[in-house]
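A look at the structure
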Amino acid sequence: MSKSDPIVVVGAGPVGLCLALALAQQDVSVVLVESMTDENFLDQVPRAGSNHPTTLEFFDRIGLYDRMEPRGLIAPKFHYWDRQDNALIAEFDHALLKDDTKFPFVLQCERIKIIEEALKLAKAHPLIDVRMATEFLGFTQNADAVLVQVKNAAGDAETIRGCYLVSAEGARSIARKDLNLEFEGFTYPERTINIEVAYDFRKHGYTERNYISDPVEYSNLFHWKGPPDRWRIHFPTNIDDDENELKRPEALQKRLQQFLGIDHEFEICGCNLYTVHQRVAAKFRVGRVVLAGDSAHVNSPIGGMGLNSGVHDAFNLADKLARILHGSADDAELDRYERQRRHVAVQHTQAGTIRNKRLLEERDPAVRKRNHDELRRQAEDPALARKFLLRTALFDSLREAEQIL
Ligand SMILES: Cc1cc2nc3c(=O)[nH]c(=O)nc-3n(C[C@H](O)[C@H](O)[C@H](O)COP(=O)(O)OP(=O)(O)OC[C@H]3O[C@@H](n4cnc5c(N)ncnc54)[C@H](O)[C@@H]3O)c2cc1C
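What comes next concerns the included structure. (Residues numbered from 1 in each chain as written. Predicted model: local features only at pLDDT ≥ 70, side-chain atom pairs only at ≥ 80, totals over all residues.)

Right, let's talk about the site of the ligand for a bit. G11, G13, G170, G293 and G306 are the nearest of the 34 residues found near the ligand. Elements with a contribution of two residues or more to the shell around the ligand: helix 1 (14-25), strand 9 (135-141) and helix 8 (306-325). When residues in the shell around the ligand are grouped by element, the largest group, four residues, is from helix 8. (Near = placed C-beta within 6 Å. Helix = DSSP H or I, 4+ residues; strand = E, 2+ residues; numbered from the N terminus.)

This is the structure we're talking about:
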C-alpha cells in the first residue's frame, strides 16, 4: 500500500461527509465521490433530522455542530401519546442527561441542512478532494490498493487509486452488491405517508417530537425550523393503496382533520410516500472495501436511529483507518469495526426500531395498557428515565460497542 494513496469515500450523504471530515482532521487524504451535482445537491426528499446527543458530540468534533444549531430546533423533551384517549402517556426530558453530555437535548435539524453545511466544510479542507457529479461504477482490489471506476464530471471513464474504499452510497450500494453481500432482513408490508404542514401542533399539547400510539393509525409528529416552521407527520398506509389517491389534497386534509379532531384548512407544504426496510449487510468489510451507514444497514425511522447510527459508524471507522494509515494499528482493526458496528446495527438499531414500531401499533388492549403503564413508570422515576434516555439517545450502543474487541 502506498502511503500517498487516499481513502476513496463514495457518497456525500451525512455518513460519507462525516467520515471524510473526521479522516482529514486526522491528516488522512480523502477523495469524496458524489453523483449529484452542485446544482441539484439540495433537491433531495426530506428525510432524517432528529440528531441525538451522542451524534451532536461527534458533529462537534468536526466543527459541524456550531453550523447546525442556528438552523435547527433544540428539543429537550419528547412525548408518547395515546391517540385513542387523546392523552399524553409520558414525557421524557433529556435534561436528565446533563451530567452525561454537553448536549442534553435532541437537535431537530434536517439531513439536507446537515449535508449542506458539511459539504462546505469538506470543500474548504485541503485534504479532501470533493468530486461532485462523479458516478461510482465499480472497483477491483488487490493486495496493495483498490482501483475505483467512476464516470467523472466531464462524462469520461476514470480510475481513482485508493488505499481503501468506503461505500457510504446509501441503501442502494453498488459496492455491497458487487461484493455479493446479503442484505439480510425484511421489508414491512406497508408504506408510510409523510405530510409536511405549516401548523403549530403545540396548541394541542404536543412537543417538538411525538410518538403517537393507536391500534388503527399510529403516527409520529415532529417540528422543523422554517421559515415557515413546519411539522412532519407520518402515518402508515396499506401497501396496495393508490399513491395518487393517498396524496390527493382533500385526502391529506381529511387525514389531518381526523387526527386532530378539528375542522381546519391546513397549509400543506408537501408529502411523500416511502417503504420501510429492516436490513443489515452480512459483512461490513471485505479486504479493502468497507461499508458504512445505509449502505451497511437500513431500518425504520421510528426512533430516529438511521442517520445517527450511520454517523456513529463514520467516526468509529475514521479513527480506525487513521490509526492504520499512521502505523499505530494493523488492518485487523477493520474487522473490529465490523464486529462493533454490526452488533449495534442488529442489537440496537434494528431491535430498537422494531420494538418502537410494535409499541405504537399494538392492537391488544391489555398489552397496550401494560406498555403505557410501563412508559409512565419509567418517565416518572428520574433514575429510570435517565436509563431510558441513555438507551434512546444511543449512549448504551456506543458503550456496548466499545467493550467488543
Ligand atoms: C422519511 C425518513 C425519515 C428518516 N428520519 C430519520 C431520523 O429522524 N433520524 C435518523 O437517524 N435517520 C432517519 N432516517 C434515515 C436516514 O435518512 C438515513 O439513515 C441516512 O440518510 C443515511 O445516510 P448515508 O450517508 O448512509 O446515505 P444517504 O443519505 O442515502 O447518502 C448517500 C449518498 O451517496 C450518493 N450516491 C449514491 N450512489 C452513488 C454512486 N453510484 N456514485 C456516487 N454517489 C452516490 C447519493 O447521491 C447520496 O448523496 C430517515 C429516513 C427516511 C426515509
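To continue, consider the sheet that holds strand 7 (residues 106-108). Sheet strands pair via backbone hydrogen bonds, and the direction of the pair is either parallel or antiparallel. The strand order across the open sheet built from three strands is 3-7-4, with neighbouring strands paired in antiparallel fashion. In this open sheet, the two edge strands, each paired with only one partner strand, are strand 3 (50-51) and strand 4 (73-75). Bridge analysis of strand 4 against strand 7 gives three bridges, and the strand direction is antiparallel. Bridging from a neighbouring strand, I74 pairs with L107 of strand 7. (Pairing = 2+ DSSP bridges.)

Given a rise of 1.5 Å per residue, 20 residues ought to cover 28 Å, and the 28 Å separating the end C-alpha atoms of helix 8 matches this to within 8%. Burial of helix 8 is extensive: 17 of the 20 residues sit out of reach of the surface. At the C-terminal side of helix 8, G327 shows a positive phi close to 85°. (Expected span 1.5 Å × (residues − 1). Buried ≥ 20, exposed ≤ 12 C-beta atoms within 10 Å, placed from the backbone.)

We now examine the environment of A90. Take A90: it is sitting in strand 6 (residues 87-93). Among the residues examined, A90 registers 21 C-beta atoms within 10 Å and is labelled buried. Spatially, the C-alpha atom of A90 lies 30 Å from that of R279, the residues being 189 residues apart in sequence. Apart from residues no more than four positions distant in its own chain, A90 is found in contact with Y80, L375, R376 and A379. (Contact = placed C-beta atoms within 7 Å.)

The next thing to look at is helix 7 (residues 249-260). Compared with the 16 Å implied by 1.5 Å per residue over twelve residues, the 17 Å span of helix 7 between its first and last C-alpha is a close match. Once helix 7 ends, the next one or two residues include G261, with phi positive near 65°.

Bringing unusual backbone geometry into the picture now. When glycine is set aside, most residues are seen to have a negative phi, and most peptide bonds are trans. In this structure, the amide linkage connecting G226 to the following residue, P227, adopts the cis form with an omega of 15°. By the secondary structure assignment, P227 is in the loop between strand 15 (219-224) and strand 16 (230-238). Across the junction of P227 and P228, the peptide omega takes the value -15°, indicating a cis bond. Following the sequence through the fold, P228 ends up in the loop between strand 15 and strand 16. With phi around 70°, L394 is a residue other than glycine that occupies positive phi space. The exposure class of L394 is buried, given the 24 C-beta atoms found within 10 Å.

Time to look at the pairing of strand 6. Both strand 5 (residues 77-82) and strand 6 contribute to a ladder of six bridges, which runs antiparallel. In the strand pairing of strand 6, K77 is matched with D93. Hairpin connection of strand 5 to strand 6: four residues between the antiparallel strands, including N86 at a positive phi of 50°.

To continue, consider the sheet that holds strand 10 (residues 146-151). The sheet built from three strands is open, its strands ordered 9-10-11 with antiparallel pairing. Taken across any chain shown, the strands that pair with only one partner, and hence form the sheet edges, are strand 9 and strand 11 (157-162). Going from strand to strand, the sheet's axes swing by 25° on average, the running direction of each strand aside. (Axes fitted to C-alpha atoms, helices over the stretch in contact; angles between N-to-C directions.)

Another aspect to go through is the nonpolar core. Counting 105 residues, the largest nonpolar core has C18, L19 and A20 as its most contacted members. The residues touching C18, leaving out its near neighbours within four places in the chain, are F58, I62, A118, V311, A314 and F315. (Core = buried A, V, L, I, M, F, W, Y, C linked by C-beta atoms within 7 Å.)

A few words now on the packing of helix 1 against helix 4 (residues 111-124). At a closest axis distance of 9 Å, the pairing of helix 1 and helix 4 adopts a crossing angle of 30°. As far as their axial angle goes, helix 4 and helix 1 are roughly parallel. The way helix 1 lies across helix 4 gives a crossing that is left-handed. Here helix 1 contributes P14, L17, C18, A20 and L21 to the contact with helix 4, which in turn contributes R111, I114, I115, A118, L119, L121 and A122. (Parallel < 35°, antiparallel > 145°, perpendicular 65-115°, else oblique. Left-handed = near helix turned anticlockwise from the far one by under 90°.)

Burial along strand 1 (residues 7-10) is two-sided: the residues I7 and V9 and V8 and V10 are all buried. Here four bridges tie strand 1 to strand 12 (residues 164-167), and the two strands are oriented parallel to one another. Bridge assignment links I7 to a residue of strand 12, and that residue is Y164. Both strand 1 and strand 2 (residues 30-33) contribute to a ladder of four bridges, which runs parallel. Paired with V10 across the strands is V33, a residue of strand 2.

Let us look at the environment of E117. As for its placement among the helices and strands, E117 is situated in helix 4. On the neighbour-count criterion, E117 (21 C-beta atoms within 10 Å) is buried. Taking C-alpha positions, E117 is 6.6 Å from R67, a pair spaced 50 residues apart along the chain. The residues contacting E117, other than those within four sequence positions of it, are L64, R67 and M68.

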